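Secondary and tertiary structure notes
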Amino acid sequence: MIAAKKCPKCGFAADTDFSDCPKCGVIVSKYLQRKKELKEFEKSEAKEIRNTLERLNNAQSLVIKQKKEWGEILTGFETRNKYNIMDGWGNQVFEAEEESGSLATILARFFLTYLRPFTMSIFSADGNELFTLKRPFRFYFHELDIYESGGVLLGKIKRRFALLRRIYAVMDRNDREIFQIFGPILRPWTFLIKKNDQEQGKIVKKWSGLGKEIFTDADNFGINFPKALDANQKAVFLGALFLIDFVHFEKKQN
Ligand SMILES: [Zn+2]
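Presented here is an overview of the structure given in this document. (Residues numbered from 1 in each chain as written. Predicted model: local features only at pLDDT ≥ 70, side-chain atom pairs only at ≥ 80, totals over all residues. Heavy atoms only, no water.)

Helix and strand counts for the chain come out as 4 helices and 14 strands. Across the 254 residues that make up the chain, the buried fraction comes to 42%. Restricting the contact set of the chain to residue pairs at least 6 apart, pairs at least 24 apart contribute 40%. Of the roughly 14000 Å² that the chain leaves accessible, carbon and sulfur atoms contribute 54%. (Helix = DSSP H or I, 4+ residues; strand = E, 2+ residues; numbered from the N terminus. Buried < 20%, exposed > 50% of the residue type's maximum accessible area, 1.4 Å probe, protein only. Contact = heavy atoms within 4.5 Å. Areas by Shrake-Rupley, 256 points an atom, 1.4 Å probe, with all protein chains shown as cover.)

Here it is in structure tokens:
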């Protein structure tokens, strides 16, 4: 039994040692133990987040697979989208999940389908939230904002006007355009990531770059990142991928 002259919870001080605080009643040993456990838990959580971001830092490509739920397949009723995000070897790195939200969200999902505004979170394997994607309602100039879990803006994706073309701008947190994403007319499944008209990477639907096929590859997305991006910048491109999925592919399923 640990005893103290000063309560670690309320600060009450006495002349003699006590094992439970005469003022707030806390049991000193239990309180200290719980505090220690909490600290260790926070430490392991921080470590897991660091490891996940490190894997994103090192990943040159990722595969994104939408999780289809049986209820949705059977009823045809659109539920919130969920995705597995894997590295090039098929190991899961993240999970992404659309927020369930209110009745208004559910109605929007039903009536606005691919135009619906949404909030999506990207989690580590242990369920720690790392990034948040927010899509406001737009009819044509589709937009998506990418935030760190703490709420700091990392970047934005904005659709540009172009006749018969699919062009998006990738903006940094200061609203400077740093990349363009360009969908060639004759390659409906491909979006090229460009800088100064040079191809730097790409986003592809129906990705089949995996050694082993999971379920069916028709719903898979793959992304090849431009070189020398950090984890936060890659998260912005994940946002682009989800926006493109909603705008160009979700409506075609209905
Ligand atoms: Zn006390």
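The discussion continues.
In this structure, Leu62, Ile64, Ile181, Ile203 and Phe242 are the most contacted members of the largest nonpolar core, which totals 43 residues. Top element by residues in this core is helix H4 (residues 231–253). It accounts for 13 residues. Discounting residues that sit within four places of it in the chain, Phe242 has contacts with Ile64, Tyr83, Ile85, Ala96, Met120, Ile122 and Leu133. (Core = buried A, V, L, I, M, F, W, Y, C linked by side-chain atoms within 4.5 Å.)

This part covers a nonpolar patch on the surface. A surface patch of nonpolar side chains, about 800 Å² in accessible area, is lined by Phe141, Phe161, Leu163, Leu164, Ile185 and Leu186. Owing to a relative accessible area of 79%, Leu186 belongs among the exposed residues under this scheme. (Patch = residues over 30% accessible without salt bridge, like charges linked within 9 Å, V, L, I, M, F, W, Y side chains within 5 Å. Salt bridge = Lys/Arg side-chain N within 4 Å of Asp/Glu carboxyl O.)

In this section: the coordination of the zinc ion. Every protein donor of the zinc ion is listed here as Cys7 (SG), Cys10 (SG), Cys21 (SG) and Cys24 (SG), and their distances to the metal cover 2.3 Å. Because the angles between the 4 donor atoms bound to the zinc ion fall within 105 to 115°, the donor set is best described as tetrahedral. Each donor residue of the zinc ion belongs to the same chain, and together they define the spacing C-x2-C-x10-C-x2-C. Here Cys7, found in the loop between strand E1 (4–6) and strand E2 (13–18), pairs with Cys21, found in the loop between E2 and helix H1 (28–58); they are 14 residues apart in sequence, far enough to count as distant. By the burial criterion, Cys7 is buried, and Cys21 matches it. (Donors = N, O, S within 2.8 Å, 3.2 Å for Na, K, Ca; no water. Tetrahedral: all angles 85-135°; square planar, octahedral: opposite > 155°, others 65-115°.)

Looking now at the sheet that holds strand E4 (residues 82–86). With antiparallel pairing, the 12 strands of this closed barrel are ordered in space as E3-E4-E5-E6-E7-E8-E9-E10-E11-E12-E13-E14. For this sheet the average axis-to-axis angle between neighbouring strands, irrespective of direction, equals 20°. One ladder, built from 5 bridges, connects E4 with strand E5 (residues 92–98); its direction is antiparallel. Its bridge partner being in E5, Tyr83 is matched across the sheet by Ala96. (Pairing = 2+ DSSP bridges. Axes fitted to C-alpha atoms, helices over the stretch in contact; angles between N-to-C directions.)

Here we come to the environment of Cys24. Locating Cys24 in the fold gives a position in the loop between E2 and H1. Residues contacting Cys24, with those up to four places away along its chain left out, are Cys7, Lys9 and Cys10.

Further remarks concern the side chain of Asn128. Mapped onto the fold, Asn128 is located in the loop between strand E6 (118–124) and strand E7 (129–135). A polar contact is formed between the side chain of Asn128 and the side chain of Glu48, at a distance of 2.7 Å. Contacts of Asn128, omitting those with residues within four sequence positions, involve Glu45, Glu48, Ile49, Ile122 and Phe123. (Polar contact = N/O pair within 3.5 Å; in protein donor to acceptor, adjacent residues only side chain to side chain.)

On to H1, then. Spanning 31 residues, H1 covers 45 Å between terminal C-alpha atoms, matching the ideal 45 Å at 1.5 Å per step. If you check which residues of H1 are buried, you get Val28, Ser29, Tyr31, Glu48, Thr52 and Leu56. (Expected span 1.5 Å × (residues − 1).)

Structural measurements only, silent on function.
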